[in-house]
Amino acid sequence: MKASRLTPGGVIGICSPSHIANPETYRQIIDAFLLKGYIIRESHNLYKDTYGYLASPKERADDFNQLIRDPEVELVMFGGGEGSVELLPYIDYEQIRRFPKLILSYSDGTTILNSIWHKTGLETYYGQSPDMFRDLRSYDYDHFLAHMVKGEVKKHEAGSTWLVQHPGTAKGILTGGYTRNFALLLGSAFFSWDPDEDYLLFLEDHEQFGGVDYVSAMLSNIEQSPFVQRVTGLIFGHYSAPPSRQLLDRLKRFGEDHQIPVVYCDDFGHGTRHAILPIGCQAQLETEPCRLFYL
């Protein structure tokens, strides 16, 4: 299931499931959207800090549901941080199923994006947060327009050199996100996978959050799940500049151990490029040459 596209000058709803929104920062974010001609709808509890480190789960869930239920909001967009998992029991999945709309986030948003796809069948979008509009790069905005406004994207537009760690071709349902969040979702009541389907996995992480040993542990968590038996390929996003040799070696071992194609790129993640990847669509990865198609 796909949502309708964002109309030029359409309404974008902003909430904050994973961090306390700073009013000054969000004023800059909203101004950046307004300059592009969009209308911004702020959620009611956007700036609350009830717990000191976050608003309460119910306040944050109420905000998300407010935007989901608002008939004028075409796109719900939010950033990362910590704590989005707390919202999962309170999200109005039935409303999303009946009235689908675009949902875009990244990082800690991995948890919400994958859970919504699992619970409703709605394709969600990984790769960008509202804050990126404060310093909007042309590559990022091209992806935003392609996926949010124009729609029917057939091929991923690369912005960096893709490094092949294990060659091959893979096809499957595209899913993934921030490595830790995705690893923790496996086995959750809010995410499941079909043992008769194939999955093309994308992951990303960053050296500021943990070393290669930490990333390797998260990959091992994924490998120890039966889910890995249905993974046909892996695309790993930006981790460091230049790319970490140790991480590339770990990714190579992942590909060799499971006999699947594995590539590393700087197109998405916590770097300077923020490509959008649709969660829940059929996709195909080819490593010679490196290309990602949406089927």
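These figures come from a predicted structure and were not determined experimentally. (Residues numbered from 1 in each chain as written. Predicted model: local features only at pLDDT ≥ 70, side-chain atom pairs only at ≥ 80, totals over all residues. Heavy atoms only, no water.)

(A) Representation of the pairing of strand E12 (residues 282-287). Among the six residues of E12, five are classified as buried, and the element is accordingly described as predominantly covered. As judged from the five bridges shared by strand E7 (residues 169-178) and E12, these two strands associate in the antiparallel manner. Bridge pairing in E12 links Gly172 to Ala283. The antiparallel pairing of E12 with strand E13 (residues 290-294) creates a hairpin that spans two residues between the two strands. (Buried < 20%, exposed > 50% of the residue type's maximum accessible area, 1.4 Å probe, protein only. Helix = DSSP H or I, 4+ residues; strand = E, 2+ residues; numbered from the N terminus. Pairing = 2+ DSSP bridges.)

(B) Summary view of helix H7 (residues 212-223). Here H7 contains 12 residues, and its C-alpha end-to-end distance of 16 Å stays within 8% of the 16 Å for a straight helix at 1.5 Å per residue. Every buried residue belonging to H7 is among Val212, Tyr214, Val215, Ser216, Met218, Leu219, Ile222 and Glu223, and all of these are buried. If you follow the buried residues of H7, they end up packed against E7, helix H6 (179-185), strand E8 (199-204), strand E9 (231-238) and helix H8 (245-258). (Expected span 1.5 Å × (residues − 1). Contact = heavy atoms within 4.5 Å.)

(C) Region of interest: the packing of aromatic side chains. Taken as a whole and judged by the stated rule, the model has 18 aromatic pairs. Arranged with centres 6.0 Å apart and planes meeting at 90 degrees, the rings of Phe133 and Tyr141 form a pair that is edge-to-face. Judged by its relative accessible area of 4%, Phe133 falls in the buried class. According to the relative accessible area criterion, Tyr141 is buried, its value standing at 14%. Centre to centre, the rings of Trp193 and Phe227 are 5.9 Å apart; their planes meet at 65 degrees, and the pair counts as edge-to-face. Note that Trp193 is positioned in the loop between H6 and E8 and Phe227 in the loop between H7 and E9, a separation of 34 residues in sequence. Here the aromatic residues Trp117, Phe182, Phe191, Trp193, Tyr199 and Phe227 are joined through ring pairs into a cluster of three or more. (Phe/Tyr/Trp six-rings, centres within 6.5 Å; stacked < 30°, edge-to-face > 60°.)

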